[in-house]
Amino acid sequence: MQLTLNGEPNPRQREFFLSRARHTAYGGARGGGKSWAMRRKLVLLAANYDGLNILLLRRTLPELRENHILPLLKELYGFADYNATEHVFDFPNGSRIKLGYCDSLADVYQYQGQEYAVIGMEEATHFTEEQQQFLATCNRTAVPGFSPRMYYTCNPGNVGHAWVKRLFIDRQFREDEDPDDYAFIPARVWDNKVLLTADPGYVKQLMALPEELRRAHLDGDWDVHAGQYFREFSRQRHVVAPYAIPDYYRRFRSMDWGYNDPCCVLWHAVDPEGRVVTYRELYVRETRPDEVARMVKDMTGDEQIAYTVASPDLWQNRGAMLAAKGGFEGETLAELFMKSGLGMIPADSSRVAGWQRVRDYLAPQADGEPRWKCFSDCANLIRTLPALQYDERNREDAADGEDHAPEALRYGLMSRPHAAKAKDERSMRAFDPLGMRPQRRDGYMSI
Ligand SMILES: Nc1ncnc2c1ncn2[C@@H]1O[C@H](COP(=O)(O)OP(=O)(O)O)[C@@H](O)[C@H]1O
Ligand SMILES: [Mg+2]
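Attention in this report is confined to the structure presented alongside it. (Residues numbered from 1 in each chain as written. Chains lettered and ligands numbered in written order. Predicted model: local features only at pLDDT ≥ 70, side-chain atom pairs only at ≥ 80, totals over all residues.)

1. Observations regarding the overall build of the chain
Then comes step 1: Across its full length, the chain holds 16 helices and 15 strands.
Then comes step 2: Looking at the chain as a whole, 40% of its 447 residues qualify as buried.
Then comes step 3: Residue pairs in contact within the chain that sit at least 24 positions apart in sequence constitute 70% of those at least 6 positions apart. (Helix = DSSP H or I, 4+ residues; strand = E, 2+ residues; numbered from the N terminus. Buried ≥ 20, exposed ≤ 12 C-beta atoms within 10 Å, placed from the backbone. Contact = placed C-beta atoms within 7 Å.)

2. Observations concerning the sheet that holds strand 8 (residues 182–187)
Then comes step 1: One open sheet holds the eight strands; their spatial order is 3-4-5-2-6-7-1-8, and the pairing between them is mixed. This sheet does not close on itself; its edge strands, each paired only once, are strand 3 (81–83) and strand 8. Strand-to-strand, the axes of this sheet are offset by a mean angle of 15°, without reference to chain direction.
Then comes step 2: Bridge count for strand 6 (residues 118–121) against strand 7 (residues 149–154) is four bridges, and the pairing is parallel. From the neighbouring strand, methionine 121 faces strand 7, where its bridge partner is tyrosine 152. (Pairing = 2+ DSSP bridges. Axes fitted to C-alpha atoms, helices over the stretch in contact; angles between N-to-C directions.)

3. Description of helix 2 (residues 34–48)
Then comes step 1: In this model helix 2 runs 21 Å from its N-terminal to its C-terminal C-alpha over 15 residues, within 8% of the 21 Å that 1.5 Å per residue would give.
Then comes step 2: What helix 2 keeps buried is the set Lys34, Ser35, Ala37, Met38, Arg39, Lys41, Leu42, Val43, Leu45 and Ala46. (Expected span 1.5 Å × (residues − 1).)

4. Looking at the sheet that holds strand 10 (residues 250–256)
Then comes step 1: Reading across from one edge, 9-15-12-11-10-13-14 is the order of the seven strands in this open sheet, with mixed pairing throughout. Sheet topology places strand 9 (239–240) and strand 14 (345–346) at the edges, where each strand pairs with a single neighbour.
Then comes step 2: Here seven bridges tie strand 10 to strand 11 (residues 263–270), and the two strands are oriented antiparallel to one another. Residue arginine 251 lies in a different strand from strand 11, and its bridge partner there is alanine 269.
Then comes step 3: The strands touched by helix 15 (residues 404–414) are strand 10, strand 11, strand 12 (276–284), strand 13 (308–310) and strand 15 (372–375); relative to strand 10, the strand with the most contacts, the crossing angle is about 135°.

5. Description of the packing of helix 2 against helix 3 (residues 61–75)
Then comes step 1: Running from N to C, helix 2 and helix 3 point in directions that differ by 50°, and their axes come no closer than 11 Å. On the basis of the axis angle, helix 2 is oblique to helix 3. As for the relative orientation of helix 2 and helix 3, their crossing is right-handed in sense. Here helix 2 contributes Ser35, Arg39 and Val43 to the contact with helix 3, which in turn contributes Asn67, His68, Pro71, Leu72 and Glu75.
Then comes step 2: Considered class by class, the residues forming the contact of helix 2 with helix 3 number three nonpolar, three polar and two charged. (Parallel < 35°, antiparallel > 145°, perpendicular 65-115°, else oblique. Left-handed = near helix turned anticlockwise from the far one by under 90°. Nonpolar A, V, L, I, M, F, W, Y, C, P; charged D, E, K, R; others polar.)

6. Brief notes about the site of ligand 1
Then comes step 1: Close to ligand 1 lie 16 residues; Gly7, Gly33, Lys34, Ser35 and Trp36 are nearest.
Then comes step 2: Elements with a minimum of two residues in the shell around ligand 1: helix 2 and helix 6 (193–198).
Then comes step 3: Take the shell around ligand 1: its biggest share by element is three residues, from helix 2.
Then comes step 4: Here the residues of the shell around ligand 1 are counted per class, giving five nonpolar, eight polar and three charged. (Near = placed C-beta within 6 Å.)

7. Quick word on the environment of aspartate 271
Then comes step 1: Mapped onto the fold, aspartate 271 is located in the loop between strand 11 and strand 12.
Then comes step 2: Between the C-alpha atoms of aspartate 271 and arginine 250, which are 21 residues apart in sequence, the distance is 7.1 Å.

8. A short note on the nonpolar core
What tends to happen in soluble globular proteins is that the nonpolar side chains get buried as a cluster.
Then comes step 1: Ranked by internal contacts, the top residues of the largest apolar core, which has 94 residues, are Leu42, Ile54 and Cys264.
Then comes step 2: Inspection of this core shows a minimum of three residues originating in each of domain 1 (11–217) and domain 2 (235–430).
Then comes step 3: Leave out the neighbours within four places in its chain, and leucine 42 touches Ile54, Leu56, Ile97, Val118 and Gly120. (Core = buried A, V, L, I, M, F, W, Y, C linked by C-beta atoms within 7 Å. Domains from an automatic or database assignment.)

9. Description of the pairing of strand 6
Then comes step 1: Residues Val118 and Gly120 of strand 6 are buried on one face, and the alternating residues Ile119 and Met121, pointing to the opposite face, are buried as well.
Then comes step 2: Sheet topology note: the strand 2 (residues 53–58)/strand 6 ladder contains four bridges and is parallel. Its bridge partner being in strand 6, leucine 55 is matched across the sheet by isoleucine 119.
Then comes step 3: Taking the sense of rotation as the criterion, the β-α-β connection linking strand 6, helix 4 (residues 129–137) and strand 7 turns out right-handed. (Right-handed = clockwise from strand over helix to strand, strands pointing away.)

This is how it looks when you write it as structure tokens:
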């Protein structure tokens, strides 16, 4: 049976097909023909090389069905067999295209230990950097003469905006990244003559979008970030090179606990004006409470820490789950930490009020300086705070994502006075030189 494919690639799609980079991204505007190109490229590879193992991913199953499974069923009818339970197309030459989705952050780990010569990430900005990095470790092959590669399609915005922009638009590479490995092909709806002819209203629809979405989805502008939760955050304003913190600054810590998800601990110092600087972070995963406690103590050294706040769920009994991780049934995580010498108090975990507190601290004060800054070596906080997205269902809140460092920051700042009230707090403090002032009515201490 011969494979017959309809349609000719447009010039941008042709460029995408011809790219030989290890990582090729095709992106920018909507409607340019990115998904078409991804699908066609993977089919051509599967048909041209024997025994190629290919993975095509999107975030959710409904999107995957609409965008790829249904069109592929049509295109490959009578040529490749489809296994509907596994979502796999088996080609007669032994190649296979597996279609997958990653609804939750941890879903990528189902591919642990698997080998895919080619990985396609559709709407790559819907994936976190951590997911991308993990998937890259599965991008290997034993097929002789074939170099493993990854293809990405993307629109600006969403949780992955920052890493896609860094690698493919800004081309700011880390030491272990080779610039030659990354190629970017811009997409424009005007490249897609098929669509413009079939649906002349499509461009009008894009033009009618609100300003920011229009710039992202019609112009493919990567400098707007539709959906970004903390637009106030700026490297220039909020990130400073590390300096020696004066001894008289009060110091405190905040923690967002996680075992499978990362555990983040932040160290903060407060200057006499009530401004906060986050000067250190610990970001680990799969680390037991006693180990985290030891690391925190080692990193703290002989610094005086006034208190440590942590997510209130540490005081819930997690029972048997803990037993496997070095605790005993019936113990809470807070007790475990306490036993390891790290005493903590529960943070105020109200989300919307907490994010608002972060926003207040990011905002410039009368002198133009924000109330919060962080040291440039808090890499995970700096990476994930601007990546936080609005929750589509509750626009007041941030969506789930890689939010462990922002959550730790939120807990930390919620233990501080409200920015607007900070002046009163300062004057109150003047009358309380011995630190005898009772805790605030809501149970949280102000220092
Ligand atoms: N080269 C092509 N030949 C035929 N149809 C195409 C071609 N490129 C894109 N299309 C069609 O144009 C429409 C938009 O393309 P799509 O790949 O979904 O865009 P994007 O993913 O960039 O938003 C789809 O209906 C798609 O099938
Ligand atoms: Mg698409």
